Amino acid sequence: MEDLKLPSTLQEALISSLPASGYYVPNFITPTEEEQLLRKINTVPHPTWKHLSHRRLQAHPSPLSSSNTLLAADLPAWLSDPVIPRLLSIPLVNDSKDNIFSNSPHGEPNHCLINEYQPGQGIHAHEDGDAYYPVVATISLGSHIVLDVKPKDQAKDVGWRILQEPRSLLITTGELYTACLHGIGQIEIDEDLGAEGITNWQLLGDQGAFSGGQVVRETRISLTFRDVKKAQRLGKVFGALGRR
C-alpha cells in the first residue's frame, strides 16, 4: 500500500488563521483507497441516491428522522474502514490518548453523508445544526473544492477560503462549527488560488497543482462523518411504539 504521512497530532494540522478550530490533513487516504471508495459509491443501487436541486446524496446507515434521531446501525465496512480507525488514531496533542471524537456521545462517527457535486454545483452558506456533536470530518474524493466560510454575524466583512484537495481530510469543530456558516460556490472554475486567497495554503499537499491561480473543477464526492447525538436501535423504537 502507498505510504501515508499523517500528522503525529492534530495540532500539526491546525489551520491557525481560522476561528477555533479547523484542521487540514492532505493525502489522508491513498489513491488506491480513493479509487475503491469511488467504485463502491458509484455501484450502490440507484434508489440509495437522493437527488436534490444542486447535488445528489446518500445517507449511511440511514437518514435522520424528523426528530433528528438516527436509527442506529453499523456503517458499511467499505465506508468506515480504514477511514474511521485512521481518524481516531490521531491524538489531539502529544502524550494524549484523546482524539477529536473522544468526548462525543458515541466516541466515534456513527453517520456519513455522501454528497456528489458536478462542476458548477454547490451549496448555499449554512450550518450543520445541533443534531450532531460539533465535529465534522470531511474527506474529498475525485476533485478539489474551495469551501467558503464566514461568521454568522453578517455585519462582519470577514471570510475564509479553504482549499480541499482530493483525498484530504478537513475537520471543523468548536467556534468554527457553532459560530460560522460554510458553503460552496456554484462555479466551474476556482480562482484566486494562492497564499493570499487560501487560508490553508501552507498545509496543502501539492501547492504546485494550484500555482497557476485557477483550476477547473471536476466531479467531487465528499464523505462527511459526524456523530448524531440521538441514536436508537430499531428494536427499541418498535418496543416504544408497542407500549403506546
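Structural notes, computed from the coordinates. Note that the coordinates shown come from a computational prediction; the quantities given were computed from them, not determined experimentally.

Definitions and cut-offs
Residues numbered from 1 in each chain as written. Predicted model: local features only at pLDDT ≥ 70, side-chain atom pairs only at ≥ 80, totals over all residues. Heavy atoms only, no water. Helix = DSSP H or I, 4+ residues; strand = E, 2+ residues; numbered from the N terminus. Rg over C-alpha atoms; globule rule 2.2 N^0.38 Å. Buried < 20%, exposed > 50% of the residue type's maximum accessible area, 1.4 Å probe, protein only. Contact = heavy atoms within 4.5 Å. Areas by Shrake-Rupley, 256 points an atom, 1.4 Å probe, with all protein chains shown as cover. Pairing = 2+ DSSP bridges. Axes fitted to C-alpha atoms, helices over the stretch in contact; angles between N-to-C directions. Polar contact = N/O pair within 3.5 Å; in protein donor to acceptor, adjacent residues only side chain to side chain. Salt bridge = Lys/Arg side-chain N within 4 Å of Asp/Glu carboxyl O.

1. Observations concerning the overall build of the protein
Looking only at helices and strands, the protein has five helices and 15 strands in total. A globule of 244 residues ought to have a C-alpha radius of gyration of about 18 Å, and the protein, at 18 Å, matches this closely. Expressed as lengths along the three principal axes of its C-alpha atoms, the size of the protein is roughly 65 × 50 × 45 Å. Evaluated residue by residue, the protein yields a buried proportion of 45% over its 244 residues. Across the protein, the fraction of contacts at a sequence separation of at least 24, relative to all contacts at a separation of at least 6, is 78%. Surface accessibility of the protein: about 12300 Å² in total, with carbon and sulfur atoms responsible for 49%.

2. A look at the sheet that holds strand 10 (residues 169-173)
Adjacent strands of a sheet form backbone hydrogen bonds with each other and so pair up, either parallel or antiparallel. Strand order in the open sheet formed by seven strands is 1-10-7-14-5-3-2, and the pairing between neighbours is antiparallel. At either end of the open sheet lies a strand with only one pairing partner, and these are strand 1 (22-25) and strand 2 (50-51). Examined bridge by bridge, strand 7 (residues 135-141) and strand 10 share five bridges and lie antiparallel to one another. By the bridge assignment for strand 10, isoleucine 139 is matched with leucine 169. On the sheet, helix 1 (residues 31-42) packs against strand 3 (56-60), strand 5 (111-117), strand 7 and strand 14 (220-226) and is oriented at approximately 90 degrees with respect to strand 14.

3. With respect to the side chain of aspartate 128
As for its position among the elements, aspartate 128 is in the loop between strand 6 (123-126) and strand 7. Polar contacts involving the side chain of aspartate 128 include one to the side chain of arginine 226, which spans 3.3 Å. When neighbours within four sequence positions are excluded, aspartate 128 is seen to be in contact with Val136, Tyr177, His182 and Arg226.

4. Overview of the pairing of strand 3
Burial analysis of strand 3 places five of its five residues in the buried class, which makes it a mostly covered element. Both faces of strand 3 are covered, namely the face carrying Arg56, Gln58 and His60 and the face carrying Leu57 and Ala59. Pairing analysis gives two bridges linking strand 2 to strand 3, with the strands arranged antiparallel. Its bridge partner being in strand 3, histidine 51 is matched across the sheet by arginine 56. Connecting strand 2 to the antiparallel partner strand 3 that follows it, the hairpin turn spans four residues. In this structure, strand 3 lies alongside strand 5, joined through five bridges in antiparallel fashion.

5. Notes on the pattern of salt bridges
Enumeration over the complete set of coordinates arrives at seven salt bridges. Ionic pairing is found between arginine 56 and glutamate 116, a salt bridge with its closest N-O pair at 2.8 Å. Here arginine 56 is found in strand 3, whereas its partner glutamate 116 is found in strand 5, with 60 residues between them in sequence.

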